[in-house]
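Here's the letter readout for the chains.
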Amino acid sequence: MWMLHSATMLPAFLLLFLMRTSISLSETMSRDEKNKLRNQVVEMFDHAYQNYMDHAYPADELMPLTCRGRVRGLEPSRGDIDDALGKFSLTLIDTLDTLALLNKTVEFEKAVRRVVADVRLDNDIVVSVFETNIRVLGGLLGGHSMAVMLKESGRMVWYQDELLHMAKDLGLRLLPAFNTSSGLPYPRVNLRYGVRGPETRTGTETDTCTACAGTIILEFAALSRFTGDPTFEAHARRALDFLWEKRQRNSNLVGTTINIHSGEWVRRDSGVGAGIDSYYEYLMKAYILLGDDQYLQRFNTHYASIMKYISQPPLLLDVHIHKPLLPARTWMDSLLAFFPGLQVLKGDIRPAIETHEMLYQVTKKHNFLPEAFTTDFRVHWAQHPLRPEFAESTYFLYKATRDPYYLEVGRTILENLNRYARVPCGFAAMKDVRTGSHEDRMDSFFLAEMFKYLFLLFAEEEDLPFNVEDYVFTTEAHLLPLSLSTVSNSPAPPLVNNTAGEELDDSNFEWTCPNTRLLFPDPAFPRNLRDPVRSALDKSCPHPTTHREPGMGRPPLRAQDFMVNNPEHLELLRRMGVSLIHLKDGRVQLVQHATQAVSAVAAEDGMRFMQEMMELSSQQQKEQLPPRAVQIVSLPFFGRVVLTAGPAQFGMDLSKSSSGVRGFVTVAEPYNGCSELSNGEIVAGRIALLQRGQCMFAEKARHIQKAGAIGGIVIDDNEGSSSDTAPLFQMAGDGRNTDDVTLPLLFLFYKEGNILLEALKEYREVEVLLSDKARDRGTDGAEEGDCSTEEKDHTSPAFSEPVDQSQVTTQEQTTDDSVVGQESVQAVEGLGSYASVDEGEEPAAGGDSSSQSVDSLMADWQEDLEAFKQMEKDEL
């Protein structure tokens, strides 16, 4: 299976070569081999844990390169990362239930005694509410659950809920953070003094992340139900209720950062990775642990929107909550690797398999998941702090499918950890996955999560000291017993069974957890989903040497000849097993299923067609070009309105023109410019406005050039698109020689193009300057209202100083949605959609209505520009 993305909104030309190949990885792994890998996990855990105990305890974390403990205040500050450290032996508490799960009962009992005897929770130190909740409170509750389980089996009979008492003490120390009008917690709290008063050194923050406020309910509800005090669960639920109320009602998505006092979204980008991830996880798991249908209802609502807007299998891309069809970033962070595991709990296995496979291919390319990577799988942030989310999803997918393939994925994780991260004093985080350099850091979650999931992946049921199905994993992989669902401390009314006597329908299954044993009667099903993604990062693909007909008695379709609006071409694609899908955000996706071709020969031709598409795109990747400017220079604008435009890889190079191209604009007929113009006599000597789509950019340019136009502006046909929320485009040619095109051609998104069209509609004669950068209006002595000098301005551009624009940082190739792989474009990040030039000047007098209209337009543009600047700050 082959897949080709043509991304009008993505920054990259994403080509996924998808070959159906038989691989031996899915062959059954022997019991001996699984046991060997399980024992290897235990040995690796021992290496990490014992080095922490020998070189770091009672410090919070181990520094594995220098073989010492990390004590906050004694080491150089690492910023927010250090907020997880509270001088409470973090790694030991976080590791308690891992010791129990790995059958290290004696060591677990020793660790519990150490925690009870040594750990103090009343330290005068400011800590993260989120990290302290999931790591320390969760660790104490998980340890308590294990201690109770062992006591019931006749061991640890001395245990008298000491860990639970410590958990309640810590919970009470976290509660002051929830003293806000919204119920959302402050992001930090002083363990001794709370959040109020100068001695706290906190309490001045106004923002928190969605996950920080929404990842409390499991630990606080468990604490309430263990202790009989409903206060904790009530506060956690109030925070969740507030987040739910503040969701964007049209998209049903939540932003990344929220003001804890006003409830206003500070960052409006939405995804399933950093900043939001465990909020969704805890809605689903709160339903599993507590049995309250409301949590599942909210999760299902959010999940539907995630799959509608964020999920673009195999990718998961952030969007804007108010404009969910527009991507908010061009990269993914590694924390989203947990999401396939959550999809398994939901029962939505297909996208889980696809996204996991994408993550696996990235892992194989870089040995570890980089902290962030682009849509074409290049490194965006090179660090890797030994995060466990990918191992977590691997375990859940194995549980759901029983496909031995995921055992091999686990083997890869083990081998990479031992080969690249293992050091004499533990395991060191990767500072740069590209170079293999280390960072003197071993976070507590490495012991709390990574070894749990890897051990469970390779262990048989008889290897486990208890049935893990009786527990739910928190986001830190701490174990909370499902029996808590029968303990009610919530003031909420009891659930009412409204289904008695009703006939079941499909919607009822949204309220059940799936039985994964019944999902896959065909063991080949997961493999069939992975095959399309497996070769996504490969640099080469097979080049079939035989060029035969796709079962139609005619030469096969060549990529350079393909036209998306040609019915005959679409039929040829169908016979080759290639389907064309128009995605919701304007992208076009080509997918080949070799098994759906009419013959083996047709399937072979389809493979070659997909390869040609890639090669054609590669030929179009020329030198990166900076953005261009379309500046409205006629009155009443006088150059104050500048629209940022995408350049073309052919035609006049505006960067080599000192004056640019200046002229009046007119709409071409036909508007798409895909045939000879019927209004050529009007277009002659002017700049033609064209609509995107139906044919190649170069073809449009040739038609307007033939009519005598001096330039062209292509306006996006995707309604609502705007360069203030999406990358700009760089237009490419058609794979042929474009030296015959000599005029300049620029690209505007729909919103910017509509500004130009509205100006033309209102003023009839609109003059623009096409240039490499906007220019200030000169002061040659002419007055704006002096009609006698207006003509002189038209013939001699009076612009000199460049506008201060954002630094262009990256450019990636994509393709136009109208002609896949041919009418391609270049995405440009980091630039606003328009700039305001020489704002001190006023429009010509005597045009009150026009001036009012222009002022209104300028106010609207300025508002949009401010919003875009805020988005840039959010990205930073």
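Residues numbered from 1 in each chain as written. Predicted model: local features only at pLDDT ≥ 70, side-chain atom pairs only at ≥ 80, totals over all residues. Heavy atoms only, no water.

## A closer look at the sheet that holds strand β8 (residues 257–259)
Right, so step 1: Spatially, 3 strands are ordered β7-β8-β9 in an open sheet, and the strand pairing comes out antiparallel. Looking at which strands have only one partner, the edges of the open sheet turn out to be β7 (207–209) and β9 (265–267). With direction set aside, neighbouring strand axes in the sheet form an average angle of 35°. (Pairing = 2+ DSSP bridges. Helix = DSSP H or I, 4+ residues; strand = E, 2+ residues; numbered from the N terminus. Axes fitted to C-alpha atoms, helices over the stretch in contact; angles between N-to-C directions.)

## Thoughts on the packing of helix α3 (residues 105–118) against helix α5 (residues 162–174)
Right, so step 1: At a minimum axis distance of 10 Å, the contact between α3 and α5 shows a crossing angle of 45°. Considered as vectors, α3 and α5 are oriented oblique to each other. Both α3 and α5 take part in a crossing whose hand is left-handed. Where α3 approaches α5, its residues V112, V115 and V116 are matched on the opposing element by E162, L163 and M166.
Right, so step 2: For the contact of α3 with α5, the residue count by class is 5 nonpolar, no polar and 1 charged. (Parallel < 35°, antiparallel > 145°, perpendicular 65-115°, else oblique. Left-handed = near helix turned anticlockwise from the far one by under 90°. Contact = heavy atoms within 4.5 Å. Nonpolar A, V, L, I, M, F, W, Y, C, P; charged D, E, K, R; others polar.)

## Brief notes about unusual backbone geometry
Right, so step 1: A cis amide bond, omega 15°, links Y57 with the succeeding residue P58.
Right, so step 2: In this structure, P58 sits in the loop between α1 (31–55) and β3 (61–63).
Right, so step 3: Put simply, P313 and P314 share a cis peptide bond, and its omega is 5°.
Right, so step 4: Mapped onto the elements of the fold, P314 is located in the loop between β11 (311–312) and β12 (315–316).
Right, so step 5: Its identity as a non-glycine residue notwithstanding, R201 has a phi of 60°, on the positive side.
Right, so step 6: Mapped onto the elements of the fold, R201 is located in the loop between β6 (188–190) and β7.
Right, so step 7: The backbone of R402 shows a phi angle near 55°, a positive value even though the residue is not glycine.
Right, so step 8: Note on placement: R402 falls in the loop between α13 (389–401) and α14 (405–421).
Right, so step 9: The class of R402 is partly exposed, set by a relative accessible area of 47%. (Buried < 20%, exposed > 50% of the residue type's maximum accessible area, 1.4 Å probe, protein only.)

## A closer look at the packing of aromatic side chains
Right, so step 1: Tallying each qualifying case throughout the model produces 26 aromatic pairs.
Right, so step 2: Summarising the aromatic geometry, the rings of F396 and F473 are spaced 6.4 Å apart at their centres and angled 85° between planes, so their arrangement reads as edge-to-face. Here F473 lies in strand β21 (residues 471–473) and F396 lies in helix α13, a separation of 77 residues in the sequence.
Right, so step 3: Here F427 and F446 contribute two aromatic rings whose centre-to-centre distance is 5.4 Å and whose plane-to-plane angle is 55°, an arrangement assigned as tilted. One end of the pair, F427, is in strand β18 (residues 426–427); the other, F446, is in helix α15 (residues 444–458), and 19 residues separate them in sequence.
Right, so step 4: Overall, the relative accessible area of 0% leaves F446 in the buried class.
Right, so step 5: The rings of F45, Y49, F427, F446 and F451 are connected pair by pair, giving a single aromatic cluster.
Right, so step 6: Directly above the ring of W331 sits R329, whose terminal nitrogen or CZ lies 3.9 Å from the centroid. (Phe/Tyr/Trp six-rings, centres within 6.5 Å; stacked < 30°, edge-to-face > 60°. Lys NZ or Arg CZ within 6 Å of the ring centre and 35° of its normal.)

## Focus on the sheet that holds strand β15 (residues 372–374)
Right, so step 1: Overall, antiparallel pairing links the 3 strands, which are arranged β14-β15-β16 in an open sheet. Only two strands of the sheet have a single neighbouring strand rather than two, namely β14 (331–333) and β16 (379–381). Averaged over neighbouring strand pairs, the angle between their axes works out to 30° when direction is ignored.

## Considering the nonpolar core
Right, so step 1: Counting residues in each nonpolar core, the largest one holds 169 residues, and the members touching the most others are F108, I217, L417 and F427.
Right, so step 2: Take this core: its biggest share by element is 11 residues, from helix α4 (residues 129–152).
Right, so step 3: I632, V641, L654 and L748 belong to the second-largest nonpolar core, a separate cluster that totals 23 residues. (Core = buried A, V, L, I, M, F, W, Y, C linked by side-chain atoms within 4.5 Å.)

## Concerning the pairing of strand β30 (residues 745–748)
Right, so step 1: Of the two faces of β30, both are covered, the one formed by L745 and F747 as well as the one formed by L746 and L748.
Right, so step 2: Where strand β29 (residues 711–715) meets β30, 4 bridges bridge the pair, whose relative direction is parallel. Bridge pairing in β30 links I715 to L748.

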